Amino acid sequence: MLLTLFLTLTWPPLLLGLCAVLLSLYYLFLQPPTHPRNIPHLPFWVTLLPLFHDVDQQVTFQKYIRAPLEKHGAIKIFFGGQWNVIIQRSTYLTEVFRNERVFQKMGNQKKIPHSVLADFLGDNIISSRGDDWLLYRRLIKPGLSSQFNPIPICENATNLCGIFLQAQGRAGGQGVTVQGILQRYSSANLLQGVLGVPELGAQMMAMEDAVPLYSIQMDLKKYLFHPIFMSFPVLDYWLGSLIPSRVKARQLVQEFSGELQTQVLQGQADSVARSLVQAKRDGLLTAKQFRDNLNVLYVAGQENPQLLLISSLYLLGKYPQVQARLRDEIRKLPIDDLHQGPWDTLPYLTATILECLRLFPPIGQLINRRVSSSVLLGDGHIHLPPGTYVGYNSYGTNRDPAAWGPTADEFLPERWGSSHEEIAHRYQRAKAQAEFISFHGGLRACLGERFALLEMHISLFILVQRLTWVLDPQWPDRMTPAGPLHPRGLRLVFSALEA
Ligand code: HEM
């Protein structure tokens, strides 16, 4: 009786209070900003869909994002606890890439400083600007611009064929899940080719052996892109120390960084990582700067090629006619030439790689710039006030029919041309005009492009020469729900080819 009376009296004010709190939260955080005026906003709940449904990012893009992006060239989107502007139109992007002073790099360490992602990658060559960036670039660029030794990648790719076939033997008629194998393969290539740690690279390729760096990274990936913490990173600040999974994530960050540093410090003298080691010894880099740059080199240099490999194997499995045409081209070449890298004599291979990169850019969307002073985009109708966070959506730009025509979504390697010169010209032009932005553009474009393209040429060359594969018919053809966009849990059925 008393309880009923109590509830009758307190319930309406409680409900009203709750509504007021929710409305204030909406008003403070979720209400789209009025500026820029001439572009639409994506309803905030679209970025939260993966929390409630088992979504496919490709479907979400088609359903909610593509049309407004293509119509207006940019949209407002809620991400990272704030509203941002995603720019898709090439003519706008060329201005962003050209104007570093106005569109300043502002990575997670500044934007969402309390997040696990910021803790993991900190202040590094990708997210920094000004003098810090110049220093990091001076240390890292020379190593990434040098000639890479293709032999470790050739050996790893040859082993990879055997690993796939063994896994196929174990799987019987079912498909092989390729993601974990490719994670170890791309780690091995990076450790041997760039970071100067060949023993650890060899361990990565011995698939059955436990490798702490690999297992910690796999664990950490489960936590990094959790949609609720990506959308509301403030939760990491308020509740991070109370939520066991977030505490665990930070612990994994520490373990990963510690393990990577230990390995690199024992590594070889002539590697990209070595210049960072030396700079730390000379006092040019603080311990934190050293750690952050090493982590980001590992993540950029391993994750992106791995994602591209997954998507490329997917596309070649889905389009067997492209795989067969590639095999025809490769078989005409004497195998001894491989170590010299005869890539200019394999135009269809180069065109296939570029087409995979176009359709599935490993970094599908990135928001890491902030407008420093008021600016008008393009024809002047989009006014970006200072403080606006700006990013790009490579997935949308690379598939824009305005640049790529009505076949923009189709897998057509021949669109790049038929001769080496034609493809190189088309590629340079598409990059310069920001129609193809998988490696970004301008001064801050990817420094690992050469290594990544070499790795892709060798990998596909050897795989296509020795194996054939198709999509597992039982595998549901769908993309990841959040985080990097790629085929989810891809399974392939491999067969060996006669030598
Ligand atoms: C398919 C493979 C790769 C793709 C698609 C890719 C893509 C990108 C993109 C889009 C950026 C610009 C990020 C931004 O806008 O802030 C970038 C920057 C960078 N990438 Fe890559 N990347 C790849 C492989 C690699 C590899 C293998 C390495 C090193 C071993 C690497 C090292 C870097 C570095 C150091 C930067 C920073 C450049 C700067 O700001 O000065 N990347 N990459």
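What you see is a predicted model, and the numbers here were worked out from it, not measured in a lab.

Asker: How do you make sense of the packing of aromatic side chains when you look at a structure like this?
Answerer: Given two aromatic rings, their pairing is described by the distance between the two centres and the angle made by the two planes. One pass over the structure, following the stated rule, counts 17 aromatic pairs. Centre to centre, the rings of Phe78 and Phe232 are 5.6 Å apart; their planes meet at 50°, and the pair counts as tilted. Taken together, the residues Phe78 in strand S1 (residues 74-79) and Phe232 in the loop between helix H12 (227-231) and helix H13 (234-239) connect sequence positions 154 residues apart. On the basis of relative accessibility, which here comes to 1%, the residue Phe78 falls in the buried class. Centroid distance Tyr427 to Phe436: 5.4 Å. Interplanar angle 80°. Geometry classified as edge-to-face. Grouping residues by exposure puts Tyr427 and Phe436 together as buried. Through pairs of rings, three or more aromatic residues link up here, namely Trp404, Trp416, Tyr427 and Phe436. The lysine or arginine in question, Arg184, covers the ring of Tyr214, its NZ or CZ lying 4.8 Å from the ring centre. Over the ring of Phe229 we find Arg246, and its NZ or CZ is 3.8 Å from the ring centre.

Asker: Please explain a nonpolar patch on the surface as it appears in this structure.
Answerer: A cluster of nonpolar side chains, namely Val234, Tyr237, Trp238, Leu239 and Leu242, defines an oily patch on the protein surface of about 550 Å² accessible area. With respect to the helices and strands, the residue Tyr237 is situated in helix H13.

Asker: Hey, could you run me through the coordination of the iron atom of the ligand in this one?
Answerer: As a benchmark, a tetrahedral metal site with four donors has ideal angles of 109.5 degrees, while an octahedral site with six donors has ideal angles of 90 or 180 degrees. No other protein atom reaches the iron atom of the ligand as a donor apart from Cys446 (SG), found 2.3 Å away. Counting through the fold element by element, Cys446 comes out in the loop between helix H21 (420-432) and helix H22 (449-466).

Asker: Even after reading the chapter, I still don't get the sheet that holds strand S5 (residues 365-371), so can you show me in this structure?
Answerer: Paired through backbone hydrogen bonds, the strands of a sheet run either parallel or antiparallel to each other. Here we have five strands laid out as an open sheet, ordered S1-S2-S8-S5-S3, and mixed in their pairing. Looking at which strands have only one partner, the edges of the open sheet turn out to be S1 and strand S3 (103-105). In this sheet, adjacent strand axes meet at a mean angle of 45° when their direction is disregarded. Alignment of S1 against strand S2 (residues 82-87), held across six bridges, turns out to be antiparallel. Looking at the pairing, Ile77 lines up with Asn84 of S2. Lying over the sheet, helix H3 (residues 57-72) contacts S1, S2 and strand S8 (389-393), oriented at roughly 140° with respect to S1. Its contacts with the sheet place helix H4 (residues 90-98) against S2, S3, S5 and S8, and it is angled at close to 110° to S2.

Asker: Mind showing me how you'd approach the pairing of strand S9 (residues 467-471) here?
Answerer: Every regular strand shows the same layout, with side chains that alternate between the two sheet faces. Residues of S9 alternate between two faces, with Leu467, Trp469 and Leu471 buried on one and Thr468 and Val470 left unburied on the opposite face. Judged from the five bridges that link them, S9 and strand S10 (residues 491-496) form a sheet pairing that is antiparallel. Following the sheet pairing, Thr468 is matched in S10 by Ser495.

Asker: How do you make sense of unusual backbone geometry when you look at a structure like this?
Answerer: Note: most peptide bonds trans; most residues except glycine with negative phi. Look at Ala434: it is not a glycine, yet its phi comes out positive at around 55°. Tracing the backbone shows Ala434 in the loop between H21 and H22. Residue class for Ala434 comes out buried when judged on its relative accessible area of 1%. Despite not being glycine, His440 has its phi angle at roughly 70°, a positive value. Inspection of the secondary structure assignment puts His440 in the loop between H21 and H22.

Asker: Looking at this structure, I do not really get the UniProt feature "binding site: heme" (unreviewed entry) in the protein. What am I missing?
Answerer: The UniProt feature table records "binding site: heme" (unreviewed entry) at Cys446. The partly exposed category is assigned to Cys446, whose relative accessible area is 34%.

Asker: Would you take a moment to explain the site of the ligand for this structure?
Answerer: Around the ligand, the structure places 27 residues, and the nearest of them are Lys105, Asn368, Tyr392, Arg444 and Cys446. Within the backbone of Ile125, one N or O atom sits 3.4 Å away from an oxygen atom of the ligand. With respect to the ligand, the side chain of Arg444 contributes an N or O atom lying 2.8 Å from an oxygen atom. Elements represented by at least two residues in the shell around the ligand include exactly helix H7 (130-145), helix H16 (287-318), S5 and H22. Ranked by residue count, the leading element in the shell around the ligand is H16, at five residues. Each residue belonging to the shell around the ligand can be placed in one class, and the counts come to 18 nonpolar, six polar and three charged.

Asker: I would appreciate a short explanation of the pattern of salt bridges in the present structure.
Answerer: It is possible for side chains bearing opposite charge to pair when their charged atoms get close. This structure, assessed with the given rule, holds 17 salt bridges. Between Asp292 and Arg291 there is a salt bridge; the shortest N-O distance is 3.1 Å. Residue class for Asp292 comes out buried when judged on its relative accessible area of 1%. Judged by its relative accessible area of 11%, Arg291 falls in the buried class. Between Lys431 and Glu449 there is a salt bridge; the shortest N-O distance is 3.0 Å. Placement of Lys431 in helix H21 and of Glu449 in helix H22 is noted, with a sequence separation of 18 residues between them. Take Lys431 and Glu449: they sit in the same class, and that class is buried. Salt bridges linked by common partners bring Arg66, Glu70, Arg399 and Asp409 together as one network.

Thresholds, definitions, all that
Residues numbered from 1 in each chain as written. Predicted model: local features only at pLDDT ≥ 70, side-chain atom pairs only at ≥ 80, totals over all residues. Heavy atoms only, no water. Phe/Tyr/Trp six-rings, centres within 6.5 Å; stacked < 30°, edge-to-face > 60°. Helix = DSSP H or I, 4+ residues; strand = E, 2+ residues; numbered from the N terminus. Buried < 20%, exposed > 50% of the residue type's maximum accessible area, 1.4 Å probe, protein only. Lys NZ or Arg CZ within 6 Å of the ring centre and 35° of its normal. Patch = residues over 30% accessible without salt bridge, like charges linked within 9 Å, V, L, I, M, F, W, Y side chains within 5 Å. Areas by Shrake-Rupley, 256 points an atom, 1.4 Å probe, with all protein chains shown as cover. Salt bridge = Lys/Arg side-chain N within 4 Å of Asp/Glu carboxyl O. Donors = N, O, S within 2.8 Å, 3.2 Å for Na, K, Ca; no water. Pairing = 2+ DSSP bridges. Axes fitted to C-alpha atoms, helices over the stretch in contact; angles between N-to-C directions. Contact = heavy atoms within 4.5 Å. UniProt positions renumbered as here; feature names shortened; annotations may be inferred. Near = heavy atom within 4 Å. Polar contact = N/O pair within 3.5 Å; in protein donor to acceptor, adjacent residues only side chain to side chain. Nonpolar A, V, L, I, M, F, W, Y, C, P; charged D, E, K, R; others polar.

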